[in-house]
Amino acid sequence: MLDVAEEPAIRYEYPSNPESGGYAELEPDLVWLRMPLPFALDHINLWLLADGPGWVIVDTGAGTDESRATWELTLEQVAGKSAVERVIVTHLHPDHVGNAGWLCDRLSATLLMTREEYMLCRVLVADTGRPAPPEGRSFYHAAGFPPEAMERYVKMFGMFGRYVASMPESYLRMKDRDRIQIGDRSWEVVIGRGHSPEHACLYDAANNLLIGGDQLLPTISSNIGVYPTEPEADPLADWLSSLKQMESRVPDDVLVLPSHGRPFRGAHTRLDQLQREHEKALDKLVDICREPRRAVDVFPALFRSRVRESTYVMAAGESIAHLNYLRNRSLLERWTDADGVHWYRTTA
């Protein structure tokens, strides 16, 4: 994820977070759970919404023993014997979907997701235990991976399913502009694309509240990546379009409940800032590619800290997303050398 400096116009609603593994009641029908993660990004915000006598869960954490123990304790303290009838997942990434299958099975709850997120999640879970495919090796070789990074990719392939419980065999589909009634609140589904295929945010216009998932974060920009399954994808175009669409769908003073960081107001400022950050990155790429570069050579234009082998896959995906965006607008050209490595150069 690209680092993005915070601006004064972003105003935090609460002075602090719940402790890791703890929760806070923001309103009688809205609970904020701060779930620990076993990753560099060490937490995710999850939400429990009162639904009459029962509850609805929004996002689920990574599928680890620690997060499941946290869920057991939280459900006992918050819901007691009340039913949890629905589990809503904003998108397919393991920190959001990891415990969805486990929760749905344990609670006899129904899963709600968008179609593209549910289907791709099922595909990625099925990769667990498979060897890295030739297409993946070729893709990262073309990006310029050194041997150590390639070895790590091969070793870590299929890790997705290690943090995601078996998915339910059926689900209820969410679509853009659908309305979901939860207790006294009516939530409109607002779809974003780019960070994932069909990311669902939930907007409660009556109470000026947005569950933003990873589409709108206060201090970091969500990873926008290209991967071997769709090497010519242009997710950055989808992302920038989604930012503009969200600006037209929610007001600036909406209270954003993000998946990472603290709830904040100043949505339009943040959306504009995210767009500017990517525009600056694109300008840097046009400049750095006046001399031929591989995807791994442009990391300094996108990331402030040195990229290590452990994060090469994510960093390369982000680099290729920006390079593909520029290629599709005829600002860069690409060719492949005799060793199968892609090189990029500015066209003007």
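Remember, predicted model here, so these are calculated numbers, not experimental data.

**Comments concerning helix H10 (residues 312-328)**
Point 1. With 17 residues, H10 ought to run about 24 Å at 1.5 Å a step, and its terminal C-alpha atoms sit 24 Å apart, in line with that.
Point 2. In terms of residue burial, H10 counts as a mostly covered element, since 13 of its 17 residues are buried.
Point 3. Looking one or two residues past H10, serine 330 carries a phi angle of roughly 60°, positive in sign.

**Structural notes on the nonpolar core**
Point 1. Core analysis: the biggest nonpolar cluster contains 54 residues, and Phe145, Leu210, Leu216, Met246, Leu285, Phe299 and Leu323 have the highest contact counts within it.
Point 2. Among the elements of the structure, helix H5 (134-143), helix H6 (147-156), strand E11 (199-204), helix H7 (235-249), helix H8 (267-288), helix H9 (299-302) and H10 are those that each provide at least two residues to this core.
Point 3. With residues up to four places along the chain from it excluded, the contact list for phenylalanine 299 reads Val307, Tyr312, Ala315, Ala316 and Ser319.
Point 4. Judged by nonpolar contacts, the second largest core, of 36 residues, contains Ile57, Val87, Leu111 and Val125.

**Side note on the packing of aromatic side chains**
Point 1. The tally for this structure, following the rule as stated, stands at 11 aromatic pairs.
Point 2. With 4.9 Å between their ring centres and 85° between their planes, phenylalanine 139 and tyrosine 140 make a pair best called edge-to-face.

**Observations regarding the pattern of salt bridges**
Point 1. Going through the model one piece at a time under the given rule, you end up with 20 salt bridges.
Point 2. A salt bridge links arginine 185 to aspartate 29; the shortest N-O distance between them is 2.9 Å. Here the residue arginine 185 occupies a position in strand E10 (residues 185-192), and aspartate 29 occupies one in the loop between strand E2 (23-27) and strand E3 (30-36), the gap between them amounting to 156 residues.
Point 3. Its relative accessible area of 5% is what places arginine 185 among the buried residues.
Point 4. The class for aspartate 29 is buried, based on a relative accessible area of 19%.
Point 5. Among the salt bridges present, the one from glutamate 188 reaches arginine 179, with a minimum N-O distance of 3.8 Å.

**Considerations on the confidence of the model for the protein**
The predicted coordinates ought not to be read in detail in places where the model reports low pLDDT.
Point 1. Averaged over every residue, the pLDDT of the protein is 95; residues scoring 70 or more account for 98%.
Point 2. Here residues 1-7 is modelled with pLDDT under 50, and outside its nearest four sequence neighbours on either side it reaches 32 contacts, counting other chains as well.

**As for the sheet that holds strand E5 (residues 54-58)**
Point 1. Strands sit in the order E2-E3-E4-E5-E6-E7-E8 across an open sheet of seven strands; the sheet is mixed. Strands with a single pairing partner mark the edges of an open sheet, and in this sheet they are E2 and strand E8 (172-174). Neighbouring strand axes in the sheet, compared pairwise and without regard to direction, differ in orientation by 25° on average.
Point 2. In the sheet, strand E4 (residues 43-51) pairs with E5 via five bridges, with the strands oriented antiparallel. The residue of E5 that forms the bridge with tryptophan 47 is valine 58.
Point 3. Here helix H4 (residues 115-126) sits on the sheet and contacts strand E7 (110-114) and E8; the angle it forms with E7, its principal contact strand, is near 105°.

**Here's the deal with unusual backbone geometry**
Point 1. The phi dihedral of serine 108 is positive, around 55°, even though this residue is not glycine.
Point 2. Considering the arrangement of structural elements, one finds serine 108 in the loop between helix H3 (100-107) and E7.
Point 3. Residue classification places serine 108 among the exposed positions, given a relative accessible area of 67%.
Point 4. Residues other than glycine seldom take positive phi values, yet asparagine 208 does so here, at roughly 55°.

**Focus on the pairing of E2**
Point 1. In this structure, E2 lies alongside E3, joined through four bridges in antiparallel fashion. If you follow glutamate 25 over to E3, its bridge partner there is valine 31.
Point 2. With antiparallel pairing between neighbouring strands as the criterion, E2 and E3 make up a hairpin whose turn holds two residues.

**Looking at the side chain of histidine 278**
Point 1. With respect to the helices and strands, the residue histidine 278 is situated in helix H8.
Point 2. There is a polar contact of 3.2 Å between the side chain of histidine 278 and the side chain of serine 221.

**Points about the side chain of threonine 346**
Point 1. With respect to the helices and strands, the residue threonine 346 is situated in strand E16 (residues 342-346).
Point 2. Judged by relative accessible area, which is 12%, threonine 346 ranks as buried.
Point 3. A distance of 3.5 Å separates the side chain of threonine 346 from the backbone nitrogen of arginine 290, its partner in a polar contact.
Point 4. Excluding anything up to four places from it in sequence, threonine 346 contacts Leu285, Val286, Cys289, Arg290, Leu331 and Leu332.

**Regarding the pairing of strand E9 (residues 179-182)**
Walk down a regular strand and you will see the side chains alternate between the two sheet faces.
Point 1. Burial along E9 is one-sided: Ile180 and Ile182 are buried, and none of Arg179 and Gln181, which face the opposite way, are.
Point 2. Taken together, the four bridges between E9 and E10 define a ladder with antiparallel strand orientation. Within E10, the position partnered with arginine 179 by the bridge is glutamate 188.
Point 3. Here E9 folds back onto E10 in antiparallel fashion, the turn holding two residues, of which glycine 183 has a positive phi close to 60°.

Basis of the calculations
Residues numbered from 1 in each chain as written. Predicted model: local features only at pLDDT ≥ 70, side-chain atom pairs only at ≥ 80, totals over all residues. Heavy atoms only, no water. Helix = DSSP H or I, 4+ residues; strand = E, 2+ residues; numbered from the N terminus. Expected span 1.5 Å × (residues − 1). Buried < 20%, exposed > 50% of the residue type's maximum accessible area, 1.4 Å probe, protein only. Core = buried A, V, L, I, M, F, W, Y, C linked by side-chain atoms within 4.5 Å. Contact = heavy atoms within 4.5 Å. Phe/Tyr/Trp six-rings, centres within 6.5 Å; stacked < 30°, edge-to-face > 60°. Salt bridge = Lys/Arg side-chain N within 4 Å of Asp/Glu carboxyl O. pLDDT = per-residue confidence, 0-100. Pairing = 2+ DSSP bridges. Axes fitted to C-alpha atoms, helices over the stretch in contact; angles between N-to-C directions. Polar contact = N/O pair within 3.5 Å; in protein donor to acceptor, adjacent residues only side chain to side chain.

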